[in-house]
Every structure is written in C-alpha cells, then in structure tokens.
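Observations on the model geometry
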Amino acid sequence: MDQPTPNVSTTDVDRVIARDFPAAEVSALRAALAAYGTKTWHREPERVRLAALKVAGGNVARLREALVIAGQDFRDVLCAAEYPRYGKEINPSEKNETKRQLVIDDDWRQYREWFEKKNA
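Just so you know, the residues in each chain are numbered from 1, in the order the chain's sequence is written. Totals for whole chains, interfaces and linings use all residues, but because this is a predicted model, local features are given only for residues with pLDDT of at least 70 and pairs of side-chain atoms are given and counted only at 80 or more. Only hydrogens and water are set aside; all other atoms, that is, all heavy atoms of the structure, feed into the side-chain values.

Observations regarding the environment of leucine 102
- Secondary structure elements are defined from DSSP: runs of H or I of at least 4 residues count as helices, runs of E of at least 2 residues count as strands, and each element is numbered from the N terminus. Topologically, leucine 102 is positioned in helix 7 (residues 97–116).
- On the basis of relative accessibility, which here comes to 56%, the residue leucine 102 falls in the exposed class.
- Expressed as a C-alpha distance, the spacing of leucine 102 and tyrosine 86, which sit 16 residues apart in the sequence, is 9.6 Å. With a 1.4 Å probe rolled over the protein chains alone, any residue whose accessible area is under 20% of its type maximum counts as buried; one over 50% counts as exposed, and the rest are partly exposed.

So, helix 5 (residues 74–82)
- Buried within helix 5 are the following residues: Phe74, Val77, Leu78, Ala81 and Glu82. Buried residues of helix 5, viewed axially, fall in a sector of 105°; they line one side.
- The inward-facing, buried residues of helix 5 abut helix 3 (45–56), helix 4 (60–72), helix 6 (84–89) and helix 7. In this description, the arc belongs to the directions extending from the helix axis to the C-beta atoms. Any two residues whose heavy atoms approach within 4.5 Å at even a single point are treated as in contact.

Examining the nonpolar core
- Formed by 27 residues in total, the largest nonpolar core has its most connected members in Leu33, Leu50, Leu53, Leu63, Leu67 and Trp114.
- Counting residues per element, the ones that place at least two in this core are helix 1 (10–20), helix 2 (23–34), helix 3, helix 4, helix 5 and helix 7.
- Sort the elements by how many residues they give to this core and helix 3 lands first, with 6 residues.
- Filtering out sequence-adjacent residues up to four positions away, leucine 33 remains in contact with Val13, Ile17, Arg49, Leu53, Leu63 and Leu67.
- Take the buried Ala, Val, Leu, Ile, Met, Phe, Trp, Tyr and Cys residues and link them wherever side-chain atoms come within 4.5 Å; each set so joined is a nonpolar core. Listed in part, the 5 residues of the second largest apolar core include Tyr83, Ile90, Val103 and Ile104.

Examining the packing of aromatic side chains
- Any two rings among Phe, Tyr and Trp, with Trp reduced to its six-membered ring, count as a pair given centres within 6.5 Å; such a pair is stacked if its planes are under 30 degrees apart, edge-to-face if over 60, and tilted if neither. Evaluated as defined, the whole model comprises 3 aromatic pairs.
- Measuring from centroid to centroid gives 6.2 Å for tyrosine 111 and phenylalanine 115, while their planes differ by 10°, and the two rings are stacked. With tyrosine 111 and phenylalanine 115 both in helix 7 and 4 residues apart, this pair spans about one turn of that helix.
- Three or more aromatic residues joined by ring pairs form one cluster here, namely Trp108, Tyr111, Trp114 and Phe115.
- By definition here, charges over rings are those cases where NZ of Lys or CZ of Arg is within 6 Å of the ring centre and within 35 degrees of the ring normal. Positioned above the aromatic ring of phenylalanine 115, the side-chain terminus of arginine 15 is 4.8 Å from the ring centre.
- Seen from the ring of tryptophan 114, arginine 19 lies directly overhead, with NZ or CZ sitting 5.1 Å from the centre.

Structure (structure tokens):
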C-alpha cells in the first residue's frame, strides 16, 4: 500500500512562505530554504522545503530546526510533515490494512488542507 506524495514546485514553496510568515522574514527564509538541495545527498528539494515549512507552522526557529534535520536525514522531515499519524501510530508489522489505510487517508487529508489553506 503506497502513501501519496505531494508533487510541489518552487511556486508552492514561495506561496506558503508568503502565507505563513511575516513579509519582513520572507527574503531571509527563502535563502535559508535554498541551502537545502545544494548537497549531492539532498533529495527532492522542493518537497523537503515545503515539508520544513509545514513542520515549522509559521515559526522561524522551528523552520531552521527542520532544515538542520533535513540536512541530516530528509526522511525525518517528510515523515513529520506528510505522514504524522502514520509515523506515530502504525507499526511496520501492522496487519490491519483497514486501519493502515484510514491513517494514510487522514494524513493525506490533513496535508492537503494545510497545503490548500488560503492566506489568513
């Protein structure tokens, strides 16, 4: 059973920065986010940047922490942003496929709601 993965772009990252952070912070945050993706081991830069923004929840310090974590293992940030319930509630040996699917669906729903949220 595959979990959905978002297909995101630089435009999405820019939109979420502008939506979730004060205008005075946007330039510095774009520069901080741009640092992820510069190393050969960095994977899926736009997806990871957006995940870091989601984990941050509009908090600059949490964004910087998420970027440090992403630089060590990007999967930790992706899991926290895209699969929060799955990472906490589903054991790899889980046999109940209905439960597994319900959690996957809920994680995807909450991600889409966050992603599609309009400016406050």
